[in-house]
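Results of the structural survey
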Amino acid sequence: METAKAPHSADSIANTRSKLIAQASRYAAEYLAGVDTRSVVPSQEGVAGLATLRGDLPIEFTSPEAVLEMLHTYGSPATVTNSAGRYFGFVNGGMVPAALGAAMLVNAWDQNAAFQVQSPVATQLEETALRWVAELLGLPAGTGGAVVTGATMANFCALAAARHAILERAGWDVERDGLFGAPPTTVVVGEEVHSSLVKALGMLGLGRNRVIRIPVDGQGRMRVDALPHLKVNTILCLQAGNVNTGAFDPAAAICPQARAAGAWIHVDGAFGLWAATSDRYRHLTHGFELADSWAIDGHKWPNVGYDCGVALVRDPKPLKAAMSIQAAYLAQGEQRQPSQYNPEMSRRARGVELWATLKSLGRAGLAEIVERTSGHARRFADGLRAAGYEILNDVVINQVLVSFGTPEETLRIVRRIQEEGTCWCGSTVWQGRTAMRISVSSWVTSEADVEKSLAAMLRVAKESAM
């Protein structure tokens, strides 16, 4: 029997690519056409089917057509359906059509978005997207940054810039000399700081346990009266959008005194900062524009798709100093080079997808997503409260915490809601209370999705109480 071989001639390569693109597009269309009717969680049979893909590495060549067919046959049934409108776990957005189409084109381009000479389209659209994001969030003119994989790396980049700036003031070159013997840096965070920011501090050598944690109020907001004396060697980390409650630290009260003290102010605004695009919710972000750096996600509210995050700094120079790389073979030029502002040199052109999303939605489209999904969150809270269940947080944007009784009762109901499959929500423990956490972040979520999901939650909760 003749062994299949990889194509080598120009004609065969072009033909293979065309057929594969058509095949992949057909499978993707089939998958997306069925997301509204399938369970949000994959079936046991669907997950078990992955065993077919996990065998030994084949010795011989397998045709790309066969590989795609296997992925669709055994991979698609094993996915969590967060591309539909009833996934409310974590803070997962969807993927708007322009981002989906751009992602397919970006894959075909296969650009390395490191240097202008490697991809003018990737570097210039990334720069444009960064400018648009800063404008949408009402940040100062001259703000620059980097498109990265998500808020973890956005926090990492922004805090690296903060570390550089603070130690440079003290006469220390941290990139050259490291942290051994460096002047001390104080990091101040809220008691409910997100774990991704703490992880970034650990990766930067600033320590996960060396931070000063500030008490928070009943919604998870940093208490102004509990702030320590801030100095020029302080990095103050604020939060715009508590991951449990959606609450915003009182930036308007904190930032002026922090700036007067010379502290570096960083904002973890993974999803919350996008509220600035909405006339209805912009007041929540007042004061955050006074910060020195900001970390946000593109794959949450803007619904760019995974993965996309943005690190922004008021003055891009400390970020470039922290991230730049020099080598004889690396062509720098006068234009902005993305690799000089982020940790990676080999990087996908995800900035193109961010550009496509913003170009497609515009300010009005982004505001509509923020307002609609936040309205859905209020509907969940109202419906669950009316049924006698306790809503633990003030629903200020798109996050809802609900208790079904004791911790054991709540966890049991959450587990059964997940198993039932109409929708998916996670559990959390917030200020000593066990809760189900509902995060409405997808542009796809409709009123019908909310009503169907709410009915399923109430039905499962009632059945579990019997």
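Owing to the predicted nature of the structure, the values given are computational and were not obtained by experimental measurement. (Residues numbered from 1 in each chain as written. Predicted model: local features only at pLDDT ≥ 70, side-chain atom pairs only at ≥ 80, totals over all residues. Heavy atoms only, no water.)

1. So, the overall build of the protein chain
Helix and strand counts for the protein chain come out as 13 helices and 11 strands. Against the 2.2 N^0.38 benchmark of 23 Å for 466 residues, the protein chain shows a C-alpha radius of gyration of 24 Å, consistent with a compact globule. With the principal axes as the frame, the protein chain shows a C-alpha extent of 75 × 70 × 40 Å. Carbon together with sulfur atoms contributes 55% to the accessible area of the protein chain, which is approximately 20,900 Å² in total. The protein chain carries 43 positive and 45 negative side-chain charges, and their two centres are separated by 3 Å. (Helix = DSSP H or I, 4+ residues; strand = E, 2+ residues; numbered from the N terminus. Rg over C-alpha atoms; globule rule 2.2 N^0.38 Å. Areas by Shrake-Rupley, 256 points an atom, 1.4 Å probe, with all protein chains shown as cover. Lys, Arg positive; Asp, Glu negative; His and termini not counted. Charge placed at Lys NZ, Arg CZ, Asp CG, Glu CD.)

2. As for helix α6 (residues 151-169)
The periodicity of an α-helix, 3.6 residues per turn, causes residues three or four places apart in sequence to face the same way. An ideal rise of 1.5 Å per residue puts 27 Å on 19 residues; α6 measures up with 27 Å between its terminal C-alpha atoms. Extensive coverage of α6 is indicated by the burial of 15 of its 19 residues. Residue glycine 171 follows α6 closely and has a positive phi angle near 80 degrees. (Expected span 1.5 Å × (residues − 1). Buried < 20%, exposed > 50% of the residue type's maximum accessible area, 1.4 Å probe, protein only.)

3. Side note on the nonpolar core
Within the largest apolar cluster, 49 residues are counted, with the highest numbers of intra-cluster contacts made by Leu137, Leu236, Leu238, Leu312 and Leu354. Within the residue set of this core, elements represented by two or more residues are α5 (120-136), β4 (234-239), α9 (251-261), β5 (264-268), β6 (293-297), β7 (309-313) and α11 (350-386). Apart from the residues within four sequence positions on either side, leucine 137 is in contact with Leu273, Trp274, Ala276, Ile296 and Leu312. With 31 residues, the next largest nonpolar core counts Cys157, Val189, Cys237 and Val313 among its residues. (Core = buried A, V, L, I, M, F, W, Y, C linked by side-chain atoms within 4.5 Å. Contact = heavy atoms within 4.5 Å.)

4. Description of helix α10 (residues 316-323)
Inspection of α10 places Pro318, Leu319, Ala322 and Met323 among the buried residues, and these make up the whole buried set. Along the axis of α10, the buried positions cluster into a sector of 120 degrees, meaning they face one direction only. At the N-terminal end of α10, a side-chain oxygen is found 3.1 Å from the backbone nitrogen of lysine 317, two or three residues along, and the residue is aspartate 315. (Arc of directions from axis to C-beta. Polar contact = N/O pair within 3.5 Å; in protein donor to acceptor, adjacent residues only side chain to side chain.)

5. Re the packing of helix α12 (residues 407-420) against helix α13 (residues 447-465)
If you want to describe how two helices pack, look at the angle between their axes and the distance between the axes. At a minimum axis separation of 9 Å, α12 and α13 run at an interaxial angle of 125 degrees. The pairing of α12 with α13 is recorded here as oblique in orientation. Regarding α12 and α13, the two cross each other, and that crossing is right-handed. Contacts from Arg412, Ile413, Arg416, Ile417 and Glu420 in α12 reach Ala456, Met457, Arg459, Val460, Ala461 and Ser464 in α13. In terms of residue class, the contact of α12 with α13 is built from 6 nonpolar, 1 polar and 4 charged. (Axes fitted to C-alpha atoms, helices over the stretch in contact; angles between N-to-C directions. Parallel < 35°, antiparallel > 145°, perpendicular 65-115°, else oblique. Left-handed = near helix turned anticlockwise from the far one by under 90°. Nonpolar A, V, L, I, M, F, W, Y, C, P; charged D, E, K, R; others polar.)

6. Topic: the sheet that holds strand β10 (residues 426-430)
Strand order in the open sheet formed by 4 strands is β8-β9-β11-β10, with antiparallel pairing between adjacent strands. If you trace the sheet from one side to the other, it starts and ends with β8 (390-391) and β10, each paired once. Pairing geometry for strand β9 (residues 399-403) and strand β11 (residues 433-439), over 4 bridges, is antiparallel. When the sheet's bridge partners are listed, glutamine 399 is paired in β11 with serine 439. (Pairing = 2+ DSSP bridges.)

7. A short note on the sheet that holds β4
Spatially, 7 strands are ordered β1-β7-β6-β5-β4-β2-β3 in an open sheet, and the strand pairing comes out mixed. At either margin of the open sheet sits one strand with a lone partner, and together these are β1 (144-148) and β3 (212-214). Taken pair by pair, the neighbouring strands of this sheet meet at an average axis angle of 20 degrees, ignoring direction. Here α5 sits on the sheet in contact with β1, β6 and β7, set at roughly 115 degrees to β1.

8. Here we look at the pattern of salt bridges
Scanning the model with the defined rule gives 20 salt bridges in all. We note a salt bridge from arginine 131 to glutamate 135, for which the minimum N-O separation is 3.6 Å. Here arginine 131 pairs with glutamate 135, and both are found in helix α5, just 4 residues apart, close to one helical turn. Note on arginine 131: relative accessible area 44%, which makes it partly exposed. Arginine 433 is the salt-bridge partner of glutamate 390, the closest N and O atoms lying 2.8 Å from each other. Of this pair, glutamate 390 sits in strand β8 while arginine 433 sits in strand β11, and the two are 43 residues apart along the sequence. (Salt bridge = Lys/Arg side-chain N within 4 Å of Asp/Glu carboxyl O.)

9. Some thoughts on the side chain of threonine 357
Topologically, threonine 357 is positioned in helix α11. On the basis of relative accessibility, which here comes to 0%, the residue threonine 357 falls in the buried class. Residues within four places of threonine 357 in sequence aside, it is in contact with Val96, Ala99, Pro302, Asn303 and Val304.

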